[in-house]
Amino acid sequence: VSNVESIVRFSFRPEEMKRVSYKKEDLHDFKYVMEHFYTVDASTSPVALNELSELLAYDCSVDKQMEGPHILIYHTHSQEGFRDSVQSDANTLIQGAGKLLAEILREEYGYSVYHHTGCYDIDTRDDAYAKAAPALEEILAQYPQIQVVIDLHRDGVAENRHLVQQVQGVPMAQFMFFNGLSYSNKKGELSYLPNASKMANLALSLKLGIAAKEYYPGLTRDNYLNAYRYNMHYRGKSMLVELGAQTNTVEEVMNSIEPLGAIIAMTLWGYATQ
């Protein structure tokens, strides 16, 4: 039996001052942004990032006064666990991290959050995105007012790699924001995976990445770009987050939810990049 409830909260203080500041001209410079904020998978090319001015000008804000739920959190890979997870206890898996993120966004930042705990990878991870899609469509049809969709994952890394950073004296799992570009170097634009929300998705993750590096330097890995779509086409404000990896402890992962929530809330308040 896990002891998650005793380790998920500590005296976290959202940072009020930037630790790092980026110049306006640098954030509009394609080469600089690619070198400082992105890792690009060999399967794709960052052609969409050429429109940096458009991405930086995009309004990511959410009106909390509107009827909720405002945010949907779900897990395409619900069975992803950590170094000391108890596989039979969902609270120690990525679903437990999603549960805590939902609580923080509700209690500390005033958002109405729907946490969907459907499982699409019980027997196999194959086609998990295709299996999750009907449920997403049903939820978004039932709650068309949902403005933000968060697919919360755990990454997989080499067994000798430990994604951890000290923040406010507490060990936290590093995380990264992930985008699919519907573009393959071999095939070009993937017309069978259209994503009319791609630029909005990229704008959101870019602003999340900038805010994270400015206020919590070292806690995030570079934003990752891959070739496919990953069900990010349903909403403009869709994000896929890779939170820690299989080599992190549950405690490290749960600790990092506080700054992750702060970064998301800051961005959804309309965090202005220069």
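Everything below is about the structure printed above this text.
Thresholds, definitions, all that
- Residues numbered from 1 in each chain as written.
- Predicted model: local features only at pLDDT ≥ 70, side-chain atom pairs only at ≥ 80, totals over all residues.
- Heavy atoms only, no water.
- Helix = DSSP H or I, 4+ residues; strand = E, 2+ residues; numbered from the N terminus.
- Rg over C-alpha atoms; globule rule 2.2 N^0.38 Å.
- Contact = heavy atoms within 4.5 Å.
- Areas by Shrake-Rupley, 256 points an atom, 1.4 Å probe, with all protein chains shown as cover.
- Expected span 1.5 Å × (residues − 1).
- Buried < 20%, exposed > 50% of the residue type's maximum accessible area, 1.4 Å probe, protein only.
- Bend = angle between axes of the 7 residues up to and from the residue.
- Pairing = 2+ DSSP bridges.
- Axes fitted to C-alpha atoms, helices over the stretch in contact; angles between N-to-C directions.
- Salt bridge = Lys/Arg side-chain N within 4 Å of Asp/Glu carboxyl O.

Next up on the list: the overall build of the chain. For the chain, the helix and strand inventory stands at seven helices and eleven strands. The C-alpha radius of gyration of the chain comes to 18 Å, within 12% of the 19 Å expected for a compact globule of 274 residues. When its C-alpha atoms are laid out on the principal axes, the chain stretches across 50 × 45 × 40 Å. Pairs at least 24 apart in sequence give 82% of the contacts found in the chain among residues at least 6 apart. Carbon and sulfur atoms form 48% of the exposed surface of the chain, whose accessible area is close to 11800 Å².

For the α-helix, the turn length of 3.6 residues means that residues three or four positions removed from each other point alike. Here helix α4 (residues 94–107) contains 14 residues, and its C-alpha end-to-end distance of 20 Å stays within 8% of the 20 Å for a straight helix at 1.5 Å per residue. Burial runs high along α4: ten of the 14 residues are buried. Of the residues making up α4, those classed as buried are I94, Q95, G96, A97, G98, L100, L101, A102, I104 and L105. Tucked inside the fold, the buried residues of α4 contact β2 (71–74), β3 (113–115), β4 (148–155), β11 (237–245) and α7 (250–268).

Turning to α7, a few remarks are in order. Between its first and last C-alpha atoms α7 spans 27 Å; for 19 residues at 1.5 Å apiece the expected length is 27 Å, and the two agree. At E258, α7 shows its maximal kink, close to 30°; a proline, P259, follows between one and four residues later. Of all the 19 residues making up α7, 18 are buried; the element is thus mostly covered by neighbouring parts of the structure. Positioned one or two residues after α7, G270 has a phi angle of 100°, which is positive.

Here we take up the sheet that holds β4. If you walk across this open sheet you meet the seven strands as β1-β10-β7-β11-β4-β2-β3, and the pairing is mixed. Of all strands in the sheet, those bounded by a partner on one side alone are β1 (38–40) and β3. Strand after strand, the sheet turns through a mean of 25° between neighbouring axes, direction not considered. The pairing of strand β7 (residues 175–180) with strand β10 (residues 223–226) spans three bridges and is parallel. Paired with G180 across the bridge in β10 is N226.

Looking at the secondary structure, you find T267 in helix α7. What T267 contacts, discounting residues up to four positions off in sequence, is C60, S61, L204, K207, L208 and A211.

Where side chains of opposite charge bring their charged atoms close, a pairing between them can arise. Following the criterion strictly, the structure yields six salt bridges and no others. Across the salt bridge formed by R19 and E15, the nearest N and O atoms sit 3.0 Å from each other. The exposure class assigned to R19 is exposed, which follows from its relative accessible area of 55%. Among the residues examined, E15 registers a relative accessible area of 17% and is labelled buried. Notably, a salt bridge pairs E80 with R125, separated by 3.1 Å at the nearest N-O pair. Of this pair, E80 sits in the loop between β2 and α4 while R125 sits in the loop between β3 and α5 (128–142); the two residues are 45 residues apart in sequence, bridging distant segments of the chain.

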